[in-house]
Amino acid sequence: MFKKTKLNRIAIAVAMSVGMSTAAMAQETSSSMEGNITTPAGAPATGTQITVIHVPSGSTKTATVNSSGSFSLSGLRVGGPYRVIVDSNEFQDTTVDEVFLSLGETFNVGLQLEQSSNIEVISVTASQLSSTALGQIGPSATFDLADLQKAPSINRNITDVIRMDPRVYVDETRGDANPVQCVGKSNRFNSLTVDGVKMNDSFGLGSSGYPTVRMPFSYDAIDQVSVEIAPFDVVYTGFTGCNINAVTKSGTNEIHGGVFFDYGSDSFQGDSLEGDTINSPANSDKRYGFNVGFPILQDKVFAFVSYEKYEGNSIFTRGTLGSGAINEVELRQEDLDEIIRISNELYQYDPGPVPTSLPEEDEKLLVKLDWNINDDHRLSYTYTFNDGNFMNTSDGDADEFELLNHIYEVGSELKSHQLSLYSDWTDNFSTEVRLSKLDVDNRQVSIENASGTVGGSNFGEMQIYVTNPDSGEEVVVYLGGDDSRQANDLNYSVDGLILRGKYLFDNDHTLTFGYEREALDVFNVFVQHTETEMRFYGGIDAFEAGTPGAIYYNNAPSQDPNDAAAQWDYAIHSVYAQDEFYPTDDLKLKVGLRYDWYTTDSRPVENPDFTDDYGFSNGTNLDGEGLLQPRIGFNYTLDDNTDLRGGIGIFSGGNPNVWFSNNFSNNNVLQFGVRGRDYGYTDGSRSLFDDDVVYSGLEDGVPAGPGYGIPSELYDAVSAGQGSNNEINYFDPSFKIPSETKLSLGATHVTEDDYVLQADLLVSVTKDQAIVLRGDLEQTGTNDEGYPIYDSVRLPSFVLTNSSEDSTSYTISFGLMKSWDNGINLTTGYAYNHAEDVQPMTSSVAFSNYQYRAFTDPQEQVSSLSDYNIEHRFTAALTYDVEFLDGYDTTFSVFGLIQSGRPYSRTVPRGEVNGIYGFNPYLDSNNVLPMGNERNGENGSWWNKLDVRVSQQLPGFMADHSSNVFFVIDNFTNLLNDDWGIAERVSFNTVDFDDTTPENRQGDASLWQMRIGFNYNF
């Protein structure tokens, strides 16, 4: 049944290949082993005893070969080495050493016993053992400890490693966020698991995909990481982009560990781009930490601890014209000086200077305990803690400029617990029970808010629209507390339960079955404009005169924004079953069925005005909604060097819960909003400094004036539950769970010279994708240009609904891997990607999701090229180990990429947009396409660069100790020539159709930088 194949060194090469197909690994925390043992005559070697020993810990598991010659062991630790003892009462005993297991991989043993001889035991190594490790099913990539240690990872982030797969795009123009976009999907549709605990950005506020501001666990804690794009195993859930899974190290019978330190500063980076001198703010940062694994009780109980600390700076690279900043905006210094003078003298408010550098930090701790209860049961517990922050800009486009107090802190504290029990009840039946809990306290607080409490800002946001008379370009200057962080607080918890079983029948069918439950509980305060937002469209003169063009104020009627919090919860339940079997010696099949469904008692507070107008309640929820997900995968062995693989299946998940939360918070019952125009404040007839203006809601000890207080008419209207509210958000009562059908075909071939070649085709069809539309609009006609004319016939609203239009995406990828005896290892890959969606859903707010896209009709449902699509991507990773010093390795690592840019749309200028639709709906962006144009019809600029790492091994203080010194250079290309490695992109996804320079240079990604470091291992 288990066909003999090429030597296992080839299988190992396949498993190590970047972008190559490997075994099902996502959402797994362990490995397994199974096989077929036959007699010398080829009959089943029934009754043969199989003993598997994890050498570092002494953990032992046993199984007995059944009547068909098969055995199965699960719940094994990742890594190794393992020793496999095959003990037969009739034939020659055999031991197999140096077996290493990959995360989630089933290591297949095909062994034919020999007649008894005078030799006590025949000893072989894994490289001499037949294996079916070539026989995998779905496209994926796996990275082991060596990959993690050698990668030129300047960020100490797994994104620096998984980007080696050409199907995985890491957006390096986003600073520390590094969002991961798999096969043209938004990072919001990925899932991350660590030792079985989902560490997703479950709410959906960030762009990194993490629930924390940086990777929530230490880089040195990771043993292996994998990326699954289209697995066809029923245990996978919670993503339609990709699943990133990491498993952490464990303690052993020996004490092992290490310490590290690395350092970077403005002295270790470039000072020119394309001939322009770059004046980077003075800054430095350092990272340090340790990890140690040790036995608590020999052969029984083990511990692993990892700690890491980062102390650095948030760098702001924007400046006025002539400042020499990395990113200059079209703002004259004299205009900025005048705004600051007016703010200080008339508004009695110091907005702070131009931000350059602010301190930030991050701290991580991971503790893992393993207990070998006995040979049949193993218990594992992991605790993770992370608390970190950075300082961020909310209005950092090319035509925006923020002063210091408008900057805000993004911070998060995470605590997670995971407990797994692996049990073998018989030789054929094993189970896994997994409990997990994750708590996240997310904070977003403006510098203006010194107290850090919700609603604690003293001064609201002011926007001054300034036109440069020399160029005609307009820049918006921001001061005061950011409008979206004036009342912003988020806490959520995720509780998980997994009950999973596996049974091996005597006919070699392996049944996997289980039940899972994931419960999310959310407390979210998000009330904009609680300290007001004022816009001075008339520029500096209007700012000085106190005559804004717009004033916004929102709050709960109690004037405590906490009373407008969205509090809700739901649980996702899953049941599944799968059969894995071999219809023939060459064909392996997996056939399974998964069903997910929601339960919840939480409903948005009903708005009676909405119910009267729409004829149904806005209190719709997801209770009872479910999705059936059939899956089938196969692997077919053509010969010892070549196999084919593929499958088809339905997947779901990854939709950020912030889209759901909007319906709980924006119901126009918990909070109300009013506009200054309703009280004569924005038509120029009265000034904010007029004697008859009374200010309410003042903090203690502040002046009674604009910014510090709220004009009393606006304040009193909100207190009375009145005002021109924002558009209400609601669920479509017929909302369905979005799904994606994935179809994959692939092949792997190993040449006689051990080149590993791989090709994959992935086709995805997205159905019922989540989109946002206006619920109150009806088309009444068409204007002369062909644009629709709409009328608002109901209470203004945004509805989270499903698209009736399907989107089809496809990816074609190729990979090549080769290792030479001289220490050179090369992996290359290419991916062609064409991904589509109906709406990119780039934001956490319904209004922004609705408008921040390109369209000819704001209500249209047209599948177009995705904002996240990277059409061409070439990657190459090269490592070279050489001994310049006898007995001590020098390692050179290079990673290179060549990739096309992100697409964008050329649109009607912002000032003409509302003229087209007559402010119905109101639009606040350059989002309307000229008639006949398609969304994302323009191609962004290509980007290419090289990253380099050089490390030198040195002796340690004791035997078996070693040390390393190293340096990493990000964008080494730019170090060679300041015209090279330049990254350019549009600020968002739309540009005016007459803009001759739509792209902006991304200084952070373009400028080379270096870090130096040291580690000591014992």
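These figures come from a predicted structure and were not determined experimentally.

Rules used throughout
- Residues numbered from 1 in each chain as written.
- Predicted model: local features only at pLDDT ≥ 70, side-chain atom pairs only at ≥ 80, totals over all residues.
- Heavy atoms only, no water.
- Helix = DSSP H or I, 4+ residues; strand = E, 2+ residues; numbered from the N terminus.
- Rg over C-alpha atoms; globule rule 2.2 N^0.38 Å.
- Buried < 20%, exposed > 50% of the residue type's maximum accessible area, 1.4 Å probe, protein only.
- Contact = heavy atoms within 4.5 Å.
- Areas by Shrake-Rupley, 256 points an atom, 1.4 Å probe, with all protein chains shown as cover.
- Lys, Arg positive; Asp, Glu negative; His and termini not counted.
- Charge placed at Lys NZ, Arg CZ, Asp CG, Glu CD.
- Pairing = 2+ DSSP bridges.
- Axes fitted to C-alpha atoms, helices over the stretch in contact; angles between N-to-C directions.
- Salt bridge = Lys/Arg side-chain N within 4 Å of Asp/Glu carboxyl O.
- Phe/Tyr/Trp six-rings, centres within 6.5 Å; stacked < 30°, edge-to-face > 60°.
- Patch = residues over 30% accessible without salt bridge, like charges linked within 9 Å, V, L, I, M, F, W, Y side chains within 5 Å.
- pLDDT = per-residue confidence, 0-100.
- Disulfide = S-S within 2.5 Å.
- Core = buried A, V, L, I, M, F, W, Y, C linked by side-chain atoms within 4.5 Å.

1. Observations concerning the overall build of the protein chain
Within the protein chain one finds 12 helices and 60 strands. Relative to the globule expectation of 31 Å for 1018 residues, the C-alpha radius of gyration of the protein chain, 30 Å, shows essentially globular dimensions. Taken along the three principal axes of its C-alpha coordinates, the protein chain extends 110 × 65 × 55 Å. For the protein chain, the residues scored as buried account for 61% of the 1018 residues in total. Sequence separation of at least 24 residues holds for 73% of the intrachain contacts in the protein chain that already meet a minimum separation of 6. For the protein chain, the exposed surface amounts to about 36800 Å²; the carbon and sulfur share of it is 51%. Taking the 62 positively charged and 147 negatively charged side chains of the protein chain as two groups, their mean positions are separated by 5 Å.

2. Quick look at the sheet that holds strand E44 (residues 770–774)
Taken together, the 3 strands give an open sheet; going across it, the order is E41-E47-E44, and neighbouring strands pair in mixed fashion. The strands lining the two open edges of the sheet, one partner per strand, are strand E41 (728–731) and E44. If you compare each strand with its neighbour and ignore which way they point, the axes differ by 25° on average. Bridge analysis of E41 against strand E47 (residues 797–802) gives 4 bridges, and the strand direction is parallel. Bridge pairing in E47 links Ile728 to Ser797. Running at roughly 120° to E41, helix H7 (residues 658–665) makes contact with E41, E44 and E47 of the sheet.

3. Side note on the pairing of strand E28 (residues 461–467)
Across the 7 residues that make up E28, a large majority, 6, are buried. In this structure, E28 lies alongside strand E32 (residues 533–536), joined through 4 bridges in parallel fashion. Looking across to E32, one finds that Ile464 is bridged to Phe536. Note that E28 and strand E29 (residues 474–479) share 6 bridges and pair antiparallel. Considered in E29, the bridge of Thr467 is made with Glu474.

4. A few points about the pattern of salt bridges
Taken as a whole and assessed by the stated rule, the structure comprises 58 salt bridges. Between Asp439 and Lys437 there is a salt bridge whose closest N-O contact spans 4.0 Å. For Lys437, a relative accessible area of 34% translates into the label partly exposed.

5. Let's talk about the environment of Phe972
With respect to the secondary-structure elements, Phe972 resides in helix H11 (residues 972–976). Given the relative accessible area of 23%, Phe972 is considered partly exposed. Measuring from C-alpha to C-alpha, the distance between Phe972 and Ile540 comes to 44 Å, with 432 residues separating the pair along the chain. Residues within four places of Phe972 in sequence aside, it is in contact with Leu946 and Val948.

6. Section: the packing of aromatic side chains
Across all of its chains, the model carries 40 aromatic pairs by this definition. Judged by centre distance (6.3 Å) and plane angle (45°), the ring pair of Phe429 and Tyr503 falls under tilted. Of this pair, Phe429 sits in strand E27 (residues 429–446) while Tyr503 sits in strand E30 (residues 488–504), and the two are 74 residues apart along the sequence. Phe429 gets classed as partly exposed once you look at its relative accessible area, which sits at 25%. Between Phe610 and Tyr614 the ring centres are 4.1 Å apart and the planes differ by 15°, which places this aromatic pair in the stacked class. Here Phe610 and its partner Tyr614 are both found in helix H6 (residues 608–614), 4 residues apart, which amounts to about one turn of the helix.

7. Here we look at a nonpolar patch on the surface
Taken together, the side chains of Leu745, Leu761, Tyr810, Ile812 and Phe814 define a hydrophobic patch exposed on the protein surface, amounting to about 400 Å² of accessible area. Of the residues forming the nonpolar patch, the biggest block, 3 residues, is contributed by strand E48 (residues 807–819). Position of Ile812 relative to the elements: it lies in strand E48.

8. Digging into a negative patch on the surface
Taken together, the side chains of Glu330, Asp397, Asp399, Asp470, Glu473 and Glu474 make up a negatively charged region of the molecular surface. Structurally, Glu473 is set in the loop between E28 and E29.

9. Some words on the confidence of the model for the protein chain
The predicted model of the protein chain has a mean per-residue pLDDT of 90, with 95% of residues at 70 or higher. The low-confidence segment residues 1–26, where pLDDT is below 50, has 112 contacts with residues more than four positions distant or belonging to other chains. Low pLDDT, under 50, characterises residues 129–133; the predicted model gives this stretch 21 contacts beyond four residues in sequence or across chains.

10. A word on the state of the cysteines
Applying the stated criterion to the full structure yields 1 disulfide. There is a disulfide in this structure between Cys182 and Cys242, and the S-S distance comes to 2.1 Å. Separated by 60 residues along the polypeptide, Cys182 in strand E11 (residues 180–182) and Cys242 in the loop between strand E14 (222–228) and strand E15 (243–248) bring together distant segments of the chain. Like Cys242, Cys182 is buried.

11. What about the environment of Phe316?
Locating Phe316 in the fold gives a position in the loop between strand E20 (301–315) and strand E21 (318–319). Of the residues examined, Phe316 reaches a relative accessible area of 8% and is grouped as buried. For the pair Phe316 and Asn327, spaced 11 residues apart in sequence, the C-alpha to C-alpha distance is 9.1 Å. With residues up to four places along the chain from it excluded, the contact list for Phe316 reads Pro281, Pro355, Thr356, Ser357, Leu358, Met391, Asn392, Thr393 and Ile407.

12. Topic: unusual backbone geometry
For the peptide bond that leads from Gly80 to Pro81, omega is 5°, which places it in the cis range. In this model, Asn920 is joined to Pro921 through a cis peptide bond whose omega is 5°. Examined against the element boundaries, Pro921 turns out to sit in the loop between helix H10 (910–917) and strand E55 (943–955). Residue Glu98 is not a glycine yet carries a positive backbone phi of 60°. Assignment of secondary structure puts Glu98 in strand E6 (residues 94–101). Using a relative accessible area of 46% as the deciding quantity, one classes Glu98 as partly exposed. In this model, Met841 sits at a positive phi of 50°, which is unusual for a non-glycine residue.

13. Some points on the sheet that holds strand E7 (residues 106–112)
Taken together, 3 strands build an open sheet; the order of strands is E4-E1-E7 and the sheet is mixed. Each edge of the sheet is formed by a strand with only one pairing partner; in this case those strands are strand E4 (70–76) and E7. Sheet twist, expressed as the average angle between the axes of neighbouring strands with direction ignored, equals 15°. Two strands pair when backbone bridges link them, and strand E1 (residues 31–38) and E7 are joined in this way by 7 bridges, in the parallel orientation. Residue pairing for E7: Asn36 is matched across the bridge by Gly110.

14. Quick notes on the nonpolar core
Ranked by size, the top nonpolar core spans 83 residues in total, and within it Phe217, Val225, Ile244, Tyr492, Trp568, Leu800 and Val928 carry the most contacts. Those residues in contact with Ile244, other than ones at most four positions away along the chain, are Ile158, Ile162, Val180, Ser191, Leu192, Thr193, Val225, Ser226 and Val227. Residues Val477, Tyr553, Tyr695 and Val718 belong to the second largest nonpolar core, which totals 35 residues.

15. Here's the deal with the pairing of E4
Summarising burial for E4: 7 of the 7 residues are buried, a large majority. Strand direction decides the pairing type here: E1 and E4, joined by 5 bridges, are antiparallel. For Glu34, the partnering residue across the bridge sits in E4 and is Ser72.

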